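Examining the three-dimensional arrangement
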Amino acid sequence: MGLGNQSHSSKKGIPMKKKTSILMRQEQRAGIAFLIPSLIGTTIFIIVPIVMSLMLGFTQWNPMKGFSEMKFIGLQNYKTLFSDIRIQNAVRNNLTYTLTYVPFTIAIALLLAAILNRFVYMRTTLRMMVFLPYVSSLVSVATVWMVLLYPSANGPINSILTHVFHVTNPPKWFTSSDWALRGIIMMGIWHDLGYHVVILLANITALPKDVYEACAIDGASPIQTFFRVTVPMLAPAIFFCVTLATINSFKIFDQINIITEGGPGFSTTVLVQAVYYYAFKEFRFTYASAVAMLLFVIIFLFSNVLQWIEKKVTF
Amino acid sequence: MKGYSGIMGKKQEILRIVMTVLLFCFALLCVFPFIWMISTSFKFEIDVMEFPIRIIPKNINTKNYVRVFTKSNFPRYYLNTIKVSLITVVGELMITTMAGYSFARLRFRGKNLLFTIYLATMMVPAQVMLLPKYIYFSKLHLTNTHLALILPGFFSVFGVLLMKQGFSQVPFELTEAAYIDGANHFTIFSRLILPLVKPSLMTALLLSFTWVWNDYMNPLIFISKENLITLTVGLQRFQEDSSTNYALIMSGATVSLIPILIVFVICQKFFIESFASSGIKG
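The notes below deal with the structure included here. (Residues numbered from 1 in each chain as written. Chains lettered and ligands numbered in written order. Predicted model: local features only at pLDDT ≥ 70, side-chain atom pairs only at ≥ 80, totals over all residues. Heavy atoms only, no water.)

1. Focus on the overall build of chain A
- For chain A, the count of helices and strands is 12 helices and two strands.
- Seen in sequence order, chain A has helices and strands lined up from the N terminus as α-β-β-α-α-α-α-α-α-α-α-α-α-α.
- Taking 2.2 N^0.38 as the reference for a compact globule, 315 residues should give roughly 20 Å; the C-alpha atoms of chain A span a radius of gyration of 26 Å, well beyond that estimate.
- Counting only C-alpha atoms, chain A reaches 90 × 75 × 35 Å along its principal axes.
- Contacts in chain A between residues far apart in sequence, at least 24 positions, make up 67% of those at least 6 positions apart.
- Accessible surface computed for chain A: about 15200 Å², of which carbon and sulfur atoms make up 67%.
- Averaging the locations of the 24 positively and 12 negatively charged side chains of chain A gives two centres separated by 11 Å. (Helix = DSSP H or I, 4+ residues; strand = E, 2+ residues; numbered from the N terminus. Rg over C-alpha atoms; globule rule 2.2 N^0.38 Å. Contact = heavy atoms within 4.5 Å. Areas by Shrake-Rupley, 256 points an atom, 1.4 Å probe, with all protein chains shown as cover. Lys, Arg positive; Asp, Glu negative; His and termini not counted. Charge placed at Lys NZ, Arg CZ, Asp CG, Glu CD.)

So this is what it looks like as structure tokens:
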């Protein structure tokens, strides 16, 4: 840029020290002035609510009444959590969802990204088509899927299953406690796949080309190249996707509240759904806060474990 | 050598065509729900569950759309969603760029501590903040106002991080001279640096627009008045009111999806670059 490596102290001038300290004071003031709007809002809308939520979990209180009615009850809410059948089911469903949704999404996304990178024509169009679901609201697409997976034999997907694939007893999807969560998982993978494809593809494109040339010269097959070169070199990006997908998968709510509201029975109840249920159907705000804290603890544990694994694997 | 590469080239060409066809089928599967939705929205109820599924309806029915636009509140939901999204995105961009600039390029006491606090809040899921926010919004009589959706949207920690990353990529040499010559910090920020981070601004804009437009949980919790709700909750109510009239429900879903799909298809390059850059580790 033609300005070289000038720094504050190398500038020539007689009252150098004085000028530097004025500049520093100006910078100090500017730094705080630029940050102040964000700082105030972040405190009001993020930090105070987090602290409040933490406190609410240890109290018993009806929010319609004044703050003086608030009663400290220690770990009572958390003790109740463990014997709550809704919560037990929610944790189990959340874990099932995450442990199937994450590996499938990332594996399929990785495969698609690798193919899109080198082996196709019309890359932009294909990428766009795969990404399309991700920009659509979960509420709208959940509405569509609810009808697509209509439980009777003449529902659109089921009619394909019976007529084309000769399935005699097509699943009852969202009305069956065995299939509801599977339907939710399929829809989740379909909705988010494009996001991970796009991220992984951007990272693959940024990999050094010469490694691939070397592979081609050494006669490595595309499959060998994929597992021995692409996957290891992409490890940081893959970990990023896995972590993000894991964190987001625990927050699943929109599609469940639209399609099943946690049912049939408790077969698709998840933690966020339970928070919503206890807070806004039963008006047990403090108990719902304890559920929300449980969600936080689970997400925190999972992201730390993933970070630990990443350190082990990628030095 | 030449022949060898010729064979390889031909083999690769076949592989490429096969892969393209395979991937195209897969991509069709990805967009099938949308095609089916649009097609069904033009069908008569009796044709919805027909087999084989017709993509071009046998009898075209536009009455569904007439009903959506005249007998439902969709026009109102639209206005509300547009209002909330625009104000939120503009406010958020202003506040997060300033904060990002401060964290990236200015030195002041307590910066590292504040930044650590910002980062730490990212670990906490938004659902944890929801109930306390509801409690004090209702004490302040902010529930059932659009402010309840707009105000918290201004303060996105993710947006601050995104802008900070953008600003720190601008070389520092560029601004040193201007500082020493006594230009004030706001001039440098708005005239010199802001034009250089347009890609980051674009990313922040598209990510936050998509997020606010599609948001369901906040409107669900903070807004209950029919004339204030946004598209997502509006579609849910519309669907509940239409019970089993699936063709009608699909036209509601189409109407709720069309704007963002059109914006996406037109600006797909920007969208995809934006979402991709949110995930490149830097």
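The rest of the description comes next.
2. A short note on the interface of chain B and chain A
- With 94 residues of chain B in contact, the opposing surface of chain A contributes 107 residues.
- Remark: the boundary between chain B and chain A carries one salt bridge.
- E27 of chain A is the partner of R107 of chain B in a salt bridge, and the nearest nitrogen-oxygen pair spans 3.1 Å.
- At the surface where chain B touches chain A, the tally comes to 16 residue pairs in polar contact (both at pLDDT 80 or more).
- Classifying every residue of the side of chain B that touches chain A by side-chain character gives 70 nonpolar, 14 polar and 10 charged. (Salt bridge = Lys/Arg side-chain N within 4 Å of Asp/Glu carboxyl O. Polar contact = N/O pair within 3.5 Å; in protein donor to acceptor, adjacent residues only side chain to side chain. Nonpolar A, V, L, I, M, F, W, Y, C, P; charged D, E, K, R; others polar.)

3. So, the side chain of S156 of chain B
All names here are of chain B.
- Of note, S156 is situated in the loop between α6 (147–153) and α7 (157–168).
- Residue classification places S156 among the buried positions, given a relative accessible area of 18%.
- Here G159 takes part through its backbone nitrogen, which lies 2.7 Å from a polar atom of the side chain of S156.
- Among all residues touching S156, those that are not within four sequence positions of it are E92 and T96. (Buried < 20%, exposed > 50% of the residue type's maximum accessible area, 1.4 Å probe, protein only.)

4. A look at helix α11 (residues 271–280) of chain A
- Taking burial as the measure, the 10 residues of α11 of chain A include nine buried ones, the bulk of the element.
- Three or more residues of α11 of chain A are buried, namely L271, V272, Q273, A274, V275, Y276, Y278, A279 and F280 of chain A.
- Close packing links the buried residues of α11 of chain A with α3 (85–118), α9 (222–250), α10 (254–259) and α12 (285–313) of chain A together with α5 (126–139) and α11 (217–222) of chain B.

5. A short note on a nonpolar patch on the surface
- Together, Y121 and M122 of chain A together with I17, V21, F24, L28, I35, I55 and I56 of chain B make up a nonpolar patch on the protein surface, roughly 770 Å² of accessible area in all.
- Looking at the element boundaries, I17 of chain B is found in helix α1 (residues 2–41). (Patch = residues over 30% accessible without salt bridge, like charges linked within 9 Å, V, L, I, M, F, W, Y side chains within 5 Å.)

6. What to know about helix α5 (residues 138–148) of chain A
- The buried fraction of α5 of chain A amounts to 10 of the 11 residues, a majority that puts the element mostly inside the structure.
- L138, V139, S140, V141, A142, T143, V144, W145, V147 and L148 of chain A are the residues of α5 of chain A that are buried.

7. Notes on the packing of α3 of chain A against α11 of chain A
Residues and elements named next belong to chain A.
- Their axes nearest at 8 Å, the elements α3 and α11 cross at an angle of 150°. With respect to each other, α3 and α11 are oriented roughly antiparallel. Of the residues in α11, those in contact with R86, I87, A90, V91 and N94 of α3 are L271, A274, Y277 and Y278. (Axes fitted to C-alpha atoms, helices over the stretch in contact; angles between N-to-C directions. Parallel < 35°, antiparallel > 145°, perpendicular 65-115°, else oblique.)

8. What about the packing of α3 of chain A against helix α7 (residues 180–205) of chain A?
Residue and element names in this part refer to chain A.
- As a packed pair, α3 and α7 sit with axes 7 Å apart at the nearest point and diverge in direction by 40°. Here α3 is positioned oblique relative to α7, judged by the angle of their axes. Like other packed secondary-structure pairs, α3 and α7 cross with a definite hand, here right-handed.
- Of the residues contributing to the contact of α3 with α7, the split by class is 20 nonpolar, eight polar and one charged. (Left-handed = near helix turned anticlockwise from the far one by under 90°.)

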